Amino acid sequence: MDTLISHSFPLLIFLIFSICVSATQFNIPRLGAHRKRFQNEPKAMSPSDQSKDFKTFFYTQTLDHFNYRPDSYATFQQRYVINFKHWGGSNSSAPIFVYLGAEGSLDEDLDVAGFLLDNAPRFKALLVYIEHRYYGKSVPFGSREEAMKNASTLGYFNSAQAIADYADVLLHIKKKYSAERSPSIVVGGSYGGMLAAWFRLKYPHIALGALASSAPILYFHDTAPQVGYYSIVTKDFKETSESCYETVRKSWDEIRKVASRPNGLSMLSKKFRTCKPLKENSELEDFLDSLYTDVAQYDDPPTYPLSIVCGGIDGAPKGIDVLGKIFKGVVAYKGNRSCYDMDEYIRPTETKVGWRWQTCSEMVMPIGHGHKDTMFPPAPFDLNRFTKDCEGTFGVKPKPHWVTTYYGGRDLKLILHRFGSNIIFSNGLRDPYSTGGVLGNISDSVVAISTVNGSHCLDILPESKSDPQWLIMQRKAEIKIIEEWIAKYENDLLEFKEETHA
């Protein structure tokens, strides 16, 4: 038994990796406020590297907020980072901007959550960044291996515990710096955007408002179409280049046709210059599927990676075959490498392993490609197969209805209209996850701000001189709304003081 336990974390990694390789429909396209940086890409310096304005702290966090069993009172160290540079101080009632960490280390967010840093001087805001439990340096049970060991230790790894963590940390910070009356605005992108919206709903006494960027809050059971994500990817390709779209659509049959020939996999390996010989054509198909969804989801200006891929495909020399064109698209985007790693998008990472547990427990998003309605081969979401894969990996069944039960589902818009307030749902309509987002105003204070050409979480990324005008206007609209929230809050405080002294 001890041997099994001591090797259980590597075994878990192996199971996740093997399932990723063999089951396309098990893969829910990654969330995340920014595009994944791959091993061969240089790491940008983060604000924490560049500036001493970012101070790191650790809070002694409770393992289980919702139980009174003795073991629930166990604790772990949760990381948070504060930037005091522009803060007007507690006496000024200057706001606190709180970035809610999501499925990754906080280190990955400090350099991309530009909305906070860009607007701190204007608001004289205190900036707080809180890491999500089980990621980065905020790991229970003493080590990542122990925390990820089995379903018993992973059982405390969920969104409800995470937002309760944020509530604890934020109350601690407000008390520590005498900022109890300072209004707090929570900000998050993608899964973090969902957390921001849910935090405002569950803890309205702690957060004055929430900016939920690219939050697919409706992409759960009975609230979103199964093929919605890949329909938007297809639409993005078609709008970028009709000929590129047609080439991609035709390529899947070509891959399978070549693979069926004698030495076909060897031919495909050579044509696509794979680092290892292909064992199955699905390895190549999964790689291309991930590449296409990645460039569509994160088709950010000024580089527009989707246009780079299509430029490579459409710019291929005359007479080249379909698969040759596809390879030219890969080279255009990835660069001219000696070989291309087919495992690049599925290689186990901290985020990949953690997010796999989250999708296998509560974050069950029914994403798949339907029959003949996208440029991809049919692979509809199959809950039964998904459940078996999750059981095989973690020994637990997913709860596909829990998110909608706990936070609201089919009637979420009506519910938000009746009791929600002060939430901005921002989306770019070229983002495939926007199909699960809130795209219309629900009330005067639960509002949707969408841009036709926007991509995933673009509005909360750092400002740039090359930003298009529509993105500048989107951010201005968000700032104006937040200013109105704070102004109303200050007026309410004054009225409350007058009433109590009357």
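For the structure, check the block above.
If you're wondering where the values come from, they're calculated on a predicted model, not measured in any experiment.

Procedures and definitions
Residues numbered from 1 in each chain as written. Predicted model: local features only at pLDDT ≥ 70, side-chain atom pairs only at ≥ 80, totals over all residues. Heavy atoms only, no water. Helix = DSSP H or I, 4+ residues; strand = E, 2+ residues; numbered from the N terminus. Rg over C-alpha atoms; globule rule 2.2 N^0.38 Å. Buried < 20%, exposed > 50% of the residue type's maximum accessible area, 1.4 Å probe, protein only. Contact = heavy atoms within 4.5 Å. Areas by Shrake-Rupley, 256 points an atom, 1.4 Å probe, with all protein chains shown as cover. Pairing = 2+ DSSP bridges. Axes fitted to C-alpha atoms, helices over the stretch in contact; angles between N-to-C directions. Salt bridge = Lys/Arg side-chain N within 4 Å of Asp/Glu carboxyl O. Polar contact = N/O pair within 3.5 Å; in protein donor to acceptor, adjacent residues only side chain to side chain. Core = buried A, V, L, I, M, F, W, Y, C linked by side-chain atoms within 4.5 Å. Expected span 1.5 Å × (residues − 1). Disulfide = S-S within 2.5 Å.

Asker: Describe the overall build of the protein chain, naming the residues involved and giving the relevant values.
Answerer: Broken down by element type, the protein chain carries 20 helices and eight strands. Computed over C-alpha atoms, the radius of gyration of the protein chain comes to 23 Å, within 12% of the 23 Å expected from 2.2 N^0.38 for 502 residues, which places it in the range of a compact globule. Considering only C-alpha atoms, the protein chain reaches an extent of 90 × 60 × 45 Å along its principal axes. For the protein chain, buried positions account for 57% of its 502 residues. Expressed as a percentage of contacts within the protein chain between residues at least 6 apart in sequence, the contacts between residues at least 24 apart total 73%. Within the structure as shown, the protein chain displays about 21,800 Å² of accessible surface, and the carbon and sulfur contribution to it stands at 53%.

Asker: Describe the sheet that holds strand β8 (residues 446–451), and please don't skip the residues or the numbers.
Answerer: Taken together, eight strands build an open sheet; the order of strands is β1-β2-β4-β3-β5-β6-β7-β8 and the sheet is mixed. With partners counted over all chains shown, the strands left at the sheet margins are β1 (54–62) and β8, one partner each. Averaged over neighbouring strand pairs, the angle between their axes works out to 20° when direction is ignored. Sheet strands in contact with helix α8 (residues 159–176) are β1, β2 (75–83), β3 (96–100), β4 (126–130) and β5 (184–189), and its direction is about 55° off that of β2.

Asker: Please give an account of the pattern of salt bridges that cites residues and values.
Answerer: Inspection of every chain in the model, using the stated rule, returns 22 salt bridges. A salt bridge links glutamate 254 to lysine 257; the nearest nitrogen and oxygen atoms lie 3.4 Å apart. In this pair, glutamate 254 and lysine 257 are both assigned in helix α11 (residues 242–259), three residues apart and thus about one turn of the helix distant. Residue classification places lysine 257 among the partly exposed positions, given a relative accessible area of 43%.

Asker: Break down the environment of leucine 170 for me, with residues and values.
Answerer: Structurally, leucine 170 can be placed in helix α8. Looking at leucine 170, the relative accessible area reads 1%, which means it is buried. Between the C-alpha atom of leucine 170 and that of serine 184, which follows or precedes it by 14 residues, the distance is 8.8 Å. In contact with leucine 170, other than residues within four places in its own chain, are Ile96, Val98, Ser184 and Ile206.

Asker: Before we move on, can you summarise the pairing of strand β7 (residues 423–428) with the specific residues and values?
Answerer: For β7, the tally of buried residues reaches six of six residues, placing the bulk of the element in the interior. Covered by surrounding structure in β7 are Ile423, Phe425 and Asn427 together with Ile424, Ser426 and Gly428, the residues of both alternating faces. In this structure, strand β6 (residues 209–213) lies alongside β7, joined through four bridges in parallel fashion. Among the inter-strand pairings, serine 213 is bridged to a residue of β7, identified as serine 426.

Asker: Got a sec to walk through the pairing of β4? Specific residues and values, please.
Answerer: Taking burial as the measure, the five residues of β4 include five buried ones, the bulk of the element. Alternating residues of β4 divide into Leu126, Val128 and Ile130 and Leu127 and Tyr129, and every residue in both groups is buried. Pairing analysis gives four bridges linking β2 to β4, with the strands arranged antiparallel. In the strand pairing of β4, isoleucine 82 is matched with valine 128. Both β3 and β4 contribute to a ladder of five bridges, which runs parallel. Across the sheet, residue tyrosine 99 finds its bridge partner in β4, namely tyrosine 129.

Asker: Let's hear about the side chain of serine 443: which residues, and what values?
Answerer: With respect to the secondary-structure elements, serine 443 resides in the loop between β7 and β8. Within polar-contact distance, the side chain of serine 443 engages the backbone nitrogen of valine 446 at 3.1 Å. When near neighbours in sequence (up to four residues on either side) are disregarded, serine 443 contacts His417 and Gly420.

Asker: Lay out unusual backbone geometry with the relevant residues and their values.
Answerer: With an omega of 0°, the peptide bond between proline 301 and proline 302 qualifies as cis. Looking at where proline 302 falls in the secondary structure, it is placed in the loop between α13 (281–297) and α14 (305–314). One non-glycine residue, tyrosine 304, adopts positive backbone phi at about 45°. On the accessibility criterion, tyrosine 304 (30% relative accessible area) is partly exposed.

Asker: So what's going on with the nonpolar core? Which residues, and what values?
Answerer: Trp198, Phe199, Phe237 and Tyr292 are the most contacted members of the largest nonpolar core, which totals 110 residues. Those residues in contact with tyrosine 292 that sit more than four places away from it in its chain are Val233, Phe237, Val248, Trp252, Val309, Ile326, Met375 and Phe376. By size, the runner-up hydrophobic cluster in this structure holds 31 residues, among which are Leu106, Ala125, Ile185 and Ile449.

Asker: Can you tell me about α8, naming the residues and giving the values?
Answerer: Its 18 residues place the ends of α8 26 Å apart at the C-alpha level, agreeing with the 26 Å of an ideal helix rising 1.5 Å per residue. Summarising burial for α8: 13 of the 18 residues are buried, a large majority. Looking one or two residues beyond α8, the residue adopting positive phi is serine 178, at roughly 50°.

Asker: Give a detailed account of the state of the cysteines, specifying residues and quantitative values.
Answerer: If you walk through the whole model with that rule in mind, you get three disulfides. Here cysteine 244 engages in a disulfide with cysteine 310; their sulfurs sit 2.2 Å apart. Around the S-S axis, the bridge from cysteine 244 to cysteine 310 shows a dihedral of about -75° and counts as left-handed. Placement of cysteine 244 in helix α11 and of cysteine 310 in helix α14 is noted, with a sequence separation of 66 residues between them. With respect to class, cysteine 244 is no different from cysteine 310; both count as buried.

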